[in-house]
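# Summary of structural features
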Amino acid sequence: MRNQTIIEFIKFSIVGAINTVVDFGVFSLLISNGCSILLSQTISYSCGMLNSFIMNRSWTFKESKKNEYTEPLKYLVANVTTLILVSMLLLLFINQVNLPVLVAKVVCTGIGMIINFLSSKFWVFQRMERSRGYE
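In this report, we go over the structure that sits alongside the text. (Residues numbered from 1 in each chain as written. Predicted model: local features only at pLDDT ≥ 70, side-chain atom pairs only at ≥ 80, totals over all residues. Heavy atoms only, no water.)

## Description of the overall build of the chain
Within the chain, the secondary structure is distributed over 5 helices and 0 strands. The buried share of the chain, taken over its 135 residues, is 36%. Once local pairs closer than 6 in sequence are excluded, the contacts in the chain between residues at least 24 apart make up 68%. For the chain, the accessible area works out to roughly 7,900 Å², and carbon and sulfur atoms hold 71% of it. (Helix = DSSP H or I, 4+ residues; strand = E, 2+ residues; numbered from the N terminus. Buried < 20%, exposed > 50% of the residue type's maximum accessible area, 1.4 Å probe, protein only. Contact = heavy atoms within 4.5 Å. Areas by Shrake-Rupley, 256 points an atom, 1.4 Å probe, with all protein chains shown as cover.)

Structure (structure tokens):
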């Protein structure tokens, strides 16, 4: 199980790197064109969400069963929760800690990645074998 988790985390990180490029690109574009931090964060974060779901479902966690309603719903709940938490942290780091916007964004992206990996592995894409301890 430990080796499988390491492999999944590496794959999750690769998918995350792709999503981060999209996220930062959209965020920077929106910020530079006068959008608010929260609107920019919400839009840029959302841009990576669909790609992340598809890639992590099919490649990272290798889910091949028919797409159920519960899996996308769990994914949405997990990511919206992470988005809210990371957005609050982003504002805290910018307004209270006085970090530069993009530095705060990097820190928050790392925090969000850890939260999303754990929620994806143990809740969203939970296989029956994994949930019963057979992995």
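## Focus on a nonpolar patch on the surface
On the surface, Leu73, Leu76, Val77, Val80, Ile84, Leu85, Met88 and Trp123 cluster together into a nonpolar patch covering about 700 Å² of accessible area. The leading source of residues in the nonpolar patch is helix 3 (residues 70-95), at 7 residues. In this fold, Ile84 is placed in helix 3. (Patch = residues over 30% accessible without salt bridge, like charges linked within 9 Å, V, L, I, M, F, W, Y side chains within 5 Å. Salt bridge = Lys/Arg side-chain N within 4 Å of Asp/Glu carboxyl O.)

## Structural notes on the environment of Phe61
One can find Phe61 in the loop between helix 2 (37-60) and helix 3. Counting along the chain gives 53 residues from Phe61 to Glu8, while the straight-line C-alpha distance between them is 6.6 Å.

## Some thoughts on the pattern of salt bridges
Across all of its chains, the model carries 3 salt bridges by this definition. Note that Lys121 is salt-bridged to Glu8, the shortest N-O span being 2.5 Å. Pair noted here: Lys121 is in helix 4 (residues 101-124) and Glu8 is in helix 1 (residues 2-32), with a separation of 113 residues, a long-range link. The pair Lys121 / Glu8 is uniform in exposure class, with both members buried. Put simply, Asp23 and Lys105 hold a salt bridge, and the shortest N to O gap is 3.0 Å. Here Asp23 is found in helix 1, whereas its partner Lys105 is found in helix 4, with 82 residues between them in sequence. Of the two residues, Asp23 and Lys105, both sit in the buried class.

## A few points about the layout of surface pockets
The space that makes up the largest pocket amounts to roughly 380 Å³. Contributing to the lining of the largest pocket are 25 residues, with Gly16, Asn19, Thr20, Tyr45 and Asn116 lying nearest its centre. Where the lining of the largest pocket is concerned, the elements lending two or more residues are helix 1, helix 2, helix 3 and helix 4. In terms of residues, the lining of the largest pocket owes the most to one element, helix 1, which gives 8 residues. (1 Å grid on protein atoms, 1.4 Å probe; cavity = no way out; pocket = protein on both sides within 12 Å on 5 of 7 lines; lining within 4 Å. Points joined across faces, edges and corners; volume = space filled by probe spheres on them.)

## Regarding the packing of helix 1 against helix 2
Between helix 1 and helix 2, the shortest axis-to-axis distance is 8 Å and the interhelical angle comes to 155 degrees. Between helix 1 and helix 2, the crossing angle belongs to the class labelled roughly antiparallel. The interaxial crossing formed by helix 1 with helix 2 has right-handed handedness. Of the residues that constitute the contact of helix 1 with helix 2, the class distribution is 15 nonpolar, 9 polar and 3 charged. (Axes fitted to C-alpha atoms, helices over the stretch in contact; angles between N-to-C directions. Parallel < 35°, antiparallel > 145°, perpendicular 65-115°, else oblique. Left-handed = near helix turned anticlockwise from the far one by under 90°. Nonpolar A, V, L, I, M, F, W, Y, C, P; charged D, E, K, R; others polar.)

## Brief notes about helix 1
Turn by turn, an α-helix covers 3.6 residues, leaving residues three or four places apart pointing in a common direction. Between its first and last C-alpha, helix 1 extends 43 Å over 31 residues, near the 45 Å set by a 1.5 Å rise per residue. Phi for Gly34, located one or two positions after helix 1, is positive at around 90 degrees. (Expected span 1.5 Å × (residues − 1).)

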